[in-house]
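Fold and contact review
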Amino acid sequence: MIAIIDYGMGNLRSVAKALEAAGAKNVKVTSSAGLILRADKLVLPGVGAMQEAMRELRKLRLLEVIKKNIFRKPFLGICLGLQLLFSESQEGGKVRGLGIFKGGVKRFSRKLKVPQMGWNQIRIKNQESRIKNFKNIPDNSYFYFCHSYYVIPEDKSIIIATTDYGREFVSAIAKDNLFACQFHPEKSQRLGLRLLENFVKI
Amino acid sequence: MLTKRIIPCLDVKDGRVVKGVKFLELKDAGDPVRVSKRYEEEEADELVFLDITASAENRKIILDVVRRTAENVFMPLTVGGGVRDLSDIRSLLNAGADKVSINTAAVKDPNLIKRASDKYGSQCIVVAIDAKLIRNQPALAKRSGPGKPVTSNQKRWEVFINGGRTPTGLDALKWARQAEKLGAGEILLTSIDYDGTKCGYDLELTKAVTSSVNIPVIASGGAGKKEDFYTVLTAAGADAALAASLFHYRELTVKELKGYLKKRGIAIRC
């Protein structure tokens, strides 16, 4: 069973439907710690503000169960679900994230149109992920982005893809069976579904 | 590189796609889910549904249309039309919309933009602006007082609400800036003068808005041929171009258009 963690933010139904279209048989949208514990795989989606997301996760008492299980089973983070993995964000003063990885979350320069909204290319930076996370996905493929903040990991070895928007920023990270991306595979048509299929097949 | 977006718009009435000219004369153009699927195959970059259902009791139909579309089509979907409050926004997002566009309700209560973007994030709040050129500019010049006379080449546009029927007295550029400040993540700009005419987008209006704000702007109204898209995405600085009837009646396919724009050197996904 794949558990999509529901903390009241973002379009979870789309993620569930896309995973099903990518071949997942049993997908549950849930905020139950019990189901998260029992799930074979975890998905942390979400759009919006990190502060609000942390508040909701805390309210639902999901912070600990996520932290404890994040490396125990295949994990997929999408958009805000990527940003939440980091230790802090400059969004609205200083906001603390889950702190799975050291590093910050930063807003795009005021000189750019923010949010970055639309289709942009990814540059695959890591050979291993080319045959794992990005199997059957060519370098420079387009994915759909919709965000104002990007992550800056301290540990550069987790960076597996980058994208250009005013500057080069990190658009996907991976470590063991954890994969998280800034773009939205569930909204990225054919190639998005292929990426989800790679996750479903782990 | 971030690409420019080509966005087919589906005007949906009582669960069916319809298309009118200058906000009038509606024609039936098919089932929204089937039409959306065709656009996905053509690699349209996003879809916009505009619900123009008049009666309140039929408004729930759009939620079902959005739900069915989101189950079958895996691309960004913006839904607008008749959105009045936070609960309308929540229902649409829960049904599967990625962005919700607000028009009349935002003009009547600008703070709705702030409440909505605080709650759901700027990225999913689109403010739709229907603008029309103010013809008697001198009269306005007098009203704007001494010191700041409006010259003939400083055109001004007024915001209209209720499907383009009701003038508001609001200046379109000022309103666009205010919407951005309140947290709008994008502006969907329709020229009432050009809508349905097929003689090209309103380049002056679009240019004026794209140089007034720092959020993405979708140009809408007037697309008639491939060149129109090229001009609005380059000279007028639009981030995306929207069209309805042109794509519906297959006078132009999204695929053909994108191939053309790419060949002319625009950053396009295809």
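Preceding this paragraph is the structure being described.
A brief structural summary. All values derive from a computational prediction rather than experimental measurement.

Let us now look at the pairing of strand β1 (residues 2-5) of chain A. Moving residue by residue along a regular strand, the side chains alternate between the two faces of the sheet. Residue and element names in this part refer to chain A. Along β1, one buried face is formed by Ile 2 and Ile 4 and the opposite face, lined by Ala 3 and Ile 5, is buried too. Across four bridges, β1 lies against strand β2 (residues 27-30) in parallel orientation. Across the sheet, residue Ala 3 finds its bridge partner in β2, namely Lys 28. Pairing of β1 with strand β3 (residues 41-44) involves three bridges; the strand directions are parallel. Residue pairing for β3: Ile 4 is matched across the bridge by Val 43.

Attention now moves to the interface of chain B and chain A. Counting residues at the interface gives 35 residues for chain B, matched by 31 residues for chain A. Both sides together, the interface formed by chain B and chain A hides about 2700 Å², and carbon and sulfur atoms give 51% of it. When residues of chain B are sorted by the area they lose upon contact with chain A, B:Leu2, B:Phe74 and B:Gln123 head the list and together hold 28% of the total. At the boundary of chain B and chain A, one finds four salt bridges.

One pass over the structure, following the stated rule, counts 14 aromatic pairs over all chains. Each ring, one from B:Tyr201 and one from B:Phe229, has its centre 5.6 Å from the other, and the planes form 80°; the classification is edge-to-face. Residue B:Tyr201 is found in the loop between β10 (186-191) and α8 (203-210), and its partner B:Phe229 is found in helix α9 (residues 226-234); the two are separated by 28 residues along the sequence. Accessibility assignment for this pair places B:Tyr201 and B:Phe229 in one class, buried. Feature note: the residues A:Phe108, A:Phe143, A:Phe145, A:Tyr150, A:Tyr165, A:Phe169 and A:Phe183 constitute an aromatic cluster, connected by ring pairs. A:Lys41 extends its terminal NZ or CZ atom over the ring of A:Phe199, reaching a point 5.7 Å from the ring centre. Lying over the aromatic face of A:Trp119, B:Arg269 brings its terminal NZ or CZ to 3.4 Å of the ring centre.

What follows covers the pattern of salt bridges. Scanning the entire structure with this criterion turns up 30 salt bridges over all chains. Residues joined in a network through salt bridges with shared partners are A:Arg123, A:Lys125, A:Asp164 and A:Glu168.

Calculation notes
Residues numbered from 1 in each chain as written. Chains lettered and ligands numbered in written order. Predicted model: local features only at pLDDT ≥ 70, side-chain atom pairs only at ≥ 80, totals over all residues. Heavy atoms only, no water. Buried < 20%, exposed > 50% of the residue type's maximum accessible area, 1.4 Å probe, protein only. Helix = DSSP H or I, 4+ residues; strand = E, 2+ residues; numbered from the N terminus. Pairing = 2+ DSSP bridges. Contact = heavy atoms within 4.5 Å. Buried area = accessible area lost by both parts, 1.4 Å probe. Salt bridge = Lys/Arg side-chain N within 4 Å of Asp/Glu carboxyl O. Phe/Tyr/Trp six-rings, centres within 6.5 Å; stacked < 30°, edge-to-face > 60°. Lys NZ or Arg CZ within 6 Å of the ring centre and 35° of its normal.

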